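Single-letter residue listing:
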Amino acid sequence: MAVPRTAPILVASNRGPVSYTLGEDGSLTARRGGGGVVSGLSAIGPDAGAVWVCTALGEGDREAARRAGANHLNPGDTGGQQVRMLDIAPDVFAAAYNGIANSVLWFVHHLLYQTPVEPVFDAEFAAQWAAYETYNAAFADALAMEAVDEAVVLVQDYHLALVPGMLRERRPDLRIGHFSHTPWAPPDYYRLLPDDVAAGVLRGILGGDRAAFLTERWATAFADCCAAVLGAEVVRDGDGAATAVRFEGRETRLGVHGLGADADFLRERSRRADVEERLTSLRAQIGPGRKSIVRVDRTELSKNIVRGLLAYRRLLETRPEWRERVVHVAFAYPSRQDLAVYRDYTQRVRQIADEINAEYGTEDWTPVALHVKDDFARSLAAYRLADVALVNPIRDGMNLVAKEVPVVSERGCALVLSREAGAYAELGEDALVVNPYDVEATAQALHEALSMGDDERAARTKRLAAAATALPPQAWFLAQLRAL
């Protein structure tokens, strides 16, 4: 029998708080995940009756979803949370997730297209868009079934942009919010999308009572797109900031919640034995007396790893005094390797690192220490020892690495930060700010960061850590709930 539909609070996201591995004997092994939404949902406690709706990502997840049917997953697997996992057909999920969410919406909001040759919106795209609509409708159906009257629903991210509007049609009594974890494209770039799709995404989000973003910049861009594409009215405050969008008789309020780092978790986790072990290994790899430039990223196109390596190479070329005195510890964890453009980018990162080591390396000095296997404990170890953190994305909704490093840093860390990262809004004053496309200026910023005095670096790090932890995940989540 299905679980009674009694949820007063619901969260919807593509990825849920648990994933499953299917054994050869048919057994299922659950692995709980982390992240801001997981931490945030825990803030309301198990007695609130909250339900998390997510989708099955792999065969283990699909089997778990099939066994649960319309019921929730085993709470023993989910840390006590009530989770409804949707078994969406693999071809529909692939078309919606890879075809639209990651290859179109992500590219638009991060300004990643090479416009002379892409995008091409053809019959294949139309089929993928239909799958994206089907995928969003499955979430809307599940949320409508689970929610009590006047429940609060928090819909997460670009994967589910159509859900608020679809859910509004099914359940006009609900209070619905959407949160965008990505940047939002400015109108001229957003209008690369086919007109009906551009309008459909905006209408979807405007189906909610509230649309929230990581920075005021992204909220303003969304409002500007609503005005340009839909002809909607933008409500502004006395300072000119967009506060709401009025369209077709409804008003959707706009909000900003700058997700911060979880200081307590990071400081505790970074002192565990596995981190200490990796710290010892990294220090040996860097060598005594040398400084370190650390970056921790997925090989996501927007993270700009290639230009970061080119800037480091330019540093070694123009500032020979740093040769044999610094190591660039680059963690570039492969991402979205089912897409050819990501595989090619990952290979390019490896190639440039190899070229730098071949050109400048000596018998006892390897200029670039490239790590491509994901290892959270090793990332935390790198945060602790970093003299300089390089965070230079082309465009980023926030970038939590920029916020996490100052929290964990042992001796103070100079932050070289792209002005196109959402984190710039809060951290820009105490960072060395760069244009992410300007390799020459980034090389100069790396030199300035490496040359920074200990006292200044420590003082900046203290201020950066305070700003970075102003809205930790639990407070971030609760702020959205209160606003609805």
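In the nomenclature of an unreviewed UniProt entry, the chain is known as Trehalose 6-phosphate synthase of Streptomyces demainii. What UniProt records for the chain under Sequence similarities (unreviewed entry) is the sentence "Belongs to the glycosyltransferase 20 family."

Structural notes on the overall build of the chain
Helix and strand content of the chain: 18 helices and 17 strands. In terms of C-alpha radius of gyration, the chain reaches 23 Å, essentially the compact-globule figure of 23 Å for 484 residues. If one aligns the C-alpha atoms of the chain with their principal axes, the spans along those axes are about 65 × 55 × 45 Å. Each of the 484 residues in the chain was classed as buried or not, and the buried ones make up 57%. Long-range contacts, defined as pairs at least 24 residues apart, comprise 77% of the intrachain contacts of the chain with a sequence gap of at least 6. Summed over all atoms, the accessible surface of the chain reaches about 19500 Å², with 48% contributed by carbon and sulfur. Placing the 53 positive and 65 negative side-chain charges of the chain at their respective mean positions leaves the two points 3 Å apart.

Looking at the sheet that holds strand 10 (residues 242-247)
The sheet built from nine strands is open, its strands ordered 5-4-1-6-7-8-11-10-9 with mixed pairing. The sheet terminates laterally at strand 5 (82-86) and strand 9 (233-236), the two strands that pair on one side only. Averaged over neighbouring strand pairs, the angle between their axes works out to 20 degrees when direction is ignored. Relative to strand 11 (residues 250-256), strand 8 (residues 210-213) runs parallel, the two being bridged by four bridges. Residue alanine 211 lies in a different strand from strand 11, and its bridge partner there is leucine 254. Across the sheet, helix 18 (residues 473-483) lies against strand 1 (7-12), strand 6 (147-156), strand 7 (175-180), strand 8 and strand 11, angled at about 135 degrees from strand 6, the strand it touches most.

Some words on the nonpolar core
Of all hydrophobic cores here, the largest spans 171 residues; its most connected members are Trp184, Tyr190 and Phe222. Setting aside residues no more than four positions away along its own chain, phenylalanine 222 makes contact with Trp184, Leu202, Ile205, Leu206, Ala211, Phe213, Val245 and Leu254.

Topic: the packing of helix 10 (residues 273-286) against helix 13 (residues 376-385)
Across the interface, helix 10 lies against helix 13 with an axial gap of 8 Å and an inter-helix angle of 60 degrees. Put simply, helix 10 runs oblique to helix 13. In the crossing of helix 10 with helix 13, the sense of the turn from one axis to the other is right-handed. The residues of helix 13 that touch helix 10, namely those facing Asp274, Val275, Glu276, Arg278, Leu279, Leu282, Arg283 and Ile286, are Ala377, Arg378, Leu380, Ala381, Ala382, Arg384 and Leu385. The class makeup of the residues in the contact of helix 10 with helix 13 is nine nonpolar, no polar and six charged.

Considering the pairing of strand 3 (residues 28-32)
Bridge analysis of strand 2 (residues 18-22) against strand 3 gives five bridges, and the strand direction is antiparallel. Along strand 3, the bridge assignment pairs serine 19 with arginine 31. Connecting strand 2 to the antiparallel partner strand 3 that follows it, the hairpin turn spans five residues, and glycine 26 within it adopts a positive phi of roughly 90 degrees.

Topic: helix 5 (residues 163-170)
Because an α-helix packs 3.6 residues into every turn, residues spaced three or four apart end up facing the same way. By the criterion of burial, helix 5 is predominantly enclosed, with six of the eight residues buried. Taken residue by residue, helix 5 has Val163, Pro164, Gly165, Met166, Leu167 and Arg168 as its buried positions. Packed against the buried residues of helix 5 are helix 4 (123-146), strand 6, strand 7, helix 7 (195-206) and strand 11.

Some points on the packing of aromatic side chains
What the rule picks out here adds up to 14 aromatic pairs. Positioned above the aromatic ring of phenylalanine 331, the side-chain terminus of arginine 378 is 5.2 Å from the ring centre.

Quick look at the packing of helix 4 against helix 5
The N-to-C vectors of helix 4 and helix 5 enclose an angle of 45 degrees; their axes lie 9 Å apart at closest approach. The angle between helix 4 and helix 5 places the two elements in the oblique class. Here helix 4 and helix 5 pass one another in a crossing that is right-handed. Counting all contacts with helix 4, which are made through Glu133, Asn136, Ala137, Phe139, Ala140, Asp141, Leu143 and Ala144, the residues of helix 5 involved are Val163, Met166, Leu167 and Arg170. In terms of residue class, the contact of helix 4 with helix 5 is made up of eight nonpolar, one polar and three charged.

Describing the sheet that holds strand 16 (residues 414-418)
Pairing within the open sheet is parallel, and its six strands lie in the order 14-13-12-15-16-17. The sheet is open, and its two borders are formed by strand 14 (368-371) and strand 17 (432-434), each paired with just one other strand. Between one strand axis and the next, the sheet turns through 20 degrees on average, direction left out of account. Inspection of the sheet shows strand 15 (residues 388-391) paired to strand 16 by four bridges, in the parallel sense. Opposite leucine 390, over in strand 16, you have valine 416 as the bridge partner.

With respect to the side chain of arginine 378
Position of arginine 378 among the secondary structure elements: in helix 13. Excluding its chain neighbours within four sequence positions, the residues that come into contact with arginine 378 are Arg278, Leu282, Phe331, Tyr333, His371 and Lys373.

A look at the pattern of salt bridges
The tally for this structure, following the rule as stated, stands at 34 salt bridges. With a closest N to O distance of 3.3 Å, aspartate 87 and arginine 66 form a salt bridge. Pair noted here: aspartate 87 is in the loop between strand 5 and helix 3 (90-109) and arginine 66 is in helix 2 (residues 59-68), with a separation of 21 residues, a long-range link. Glutamate 420 is the salt-bridge partner of arginine 217, the closest N and O atoms lying 2.8 Å from each other. On the criterion of sequence distance, the pair formed by arginine 217 in helix 8 (residues 216-230) and glutamate 420 in the loop between strand 16 and helix 15 (424-427) is long-range, its members being 203 residues apart. Judged by its relative accessible area of 16%, glutamate 420 falls in the buried class. Connected via shared salt-bridge partners are Glu59, Arg62, Glu63, Arg66, Arg67 and Asp87.

Describing helix 2
Among the residues of helix 2, Gly60, Asp61, Arg62, Ala64, Ala65 and Ala68 are the ones counted as buried. Residues of helix 2 that are buried sit in contact with strand 2, strand 3, strand 4 (51-55), strand 5 and helix 3. Once helix 2 ends, the next one or two residues include glycine 69, with phi positive near 65 degrees.

Basis of the calculations
- Within every chain, residues take consecutive numbers counted from 1 along the sequence as written.
- For this predicted model, a pLDDT threshold of at least 70 governs which residues receive local features, and a threshold of 80 or more governs which side-chain atom pairs are given and counted, while totals over whole chains, interfaces and linings are taken from all residues.
- Side-chain figures throughout are based on the complete set of non-hydrogen atoms in the structure, without hydrogens or water.
- UniProt positions are given in the numbering used here, feature names are shortened, and annotations may be inferred rather than shown by experiment.
- For the purposes of this entry, the term helix denotes a DSSP run of H or I that reaches at least four residues, the term strand denotes a run of E that reaches at least two, and both are numbered from the N terminus.
- The reference for a compact globule is 2.2 Å times residues^0.38; the radius of gyration itself is calculated from the C-alpha atoms.
- Buried, partly exposed and exposed residues are distinguished by accessible area as a fraction of the type maximum, computed with a 1.4 Å probe on protein chains only: under 20%, between the cut-offs, and over 50%, respectively.
- In what follows, residue pairs with any heavy atoms lying within 4.5 Å of each other are defined as contacts.
- Methods summary: accessible areas were calculated by the Shrake-Rupley approach with a probe of 1.4 Å, and residue burial reflects only the protein chains presented.
- Charge assignment in this entry is limited to Lys and Arg as positive and Asp and Glu as negative, and neither His nor the chain termini are counted.
- Note that the charge is assigned to NZ on lysines, CZ on arginines, CG on aspartates and CD on glutamates.
- Here a strand pair is declared whenever DSSP counts at least two bridges between the two strands.
- Convention adopted: a line fitted to C-alpha atoms gives each axis, helices being fitted over their contacting stretch, and angles between N-to-C directions are expressed from 0 to 180 degrees.
- As used in this record, nonpolar core signifies buried Ala, Val, Leu, Ile, Met, Phe, Trp, Tyr and Cys residues forming a set joined through side-chain atoms within 4.5 Å.
- Roughly parallel means an angle under 35 degrees; roughly antiparallel means over 145; roughly perpendicular covers 65 to 115; every other angle is labelled oblique.
- Take the far helix as the reference: if the near one is turned anticlockwise from it by less than a right angle, the crossing is left-handed, and if turned clockwise, right-handed.
- Side-chain classes are defined by residue name, with Ala, Val, Leu, Ile, Met, Phe, Trp, Tyr, Cys and Pro counting as nonpolar, Asp, Glu, Lys and Arg as charged, and the others, Gly among them, as polar.
- A pair of aromatic rings is counted whenever rings of Phe, Tyr or Trp (Trp by its six-membered ring) have centres within 6.5 Å, and the orientation is called stacked for planes under 30 degrees apart, edge-to-face for over 60 and tilted otherwise.
- Any Lys NZ or Arg CZ found within 6 Å of a ring centre and within 35 degrees of that ring's normal is scored as a charge over the ring.
- Salt bridge, as used here: a side-chain nitrogen of Lys or Arg that lies within 4 Å of a carboxyl oxygen of Asp or Glu.

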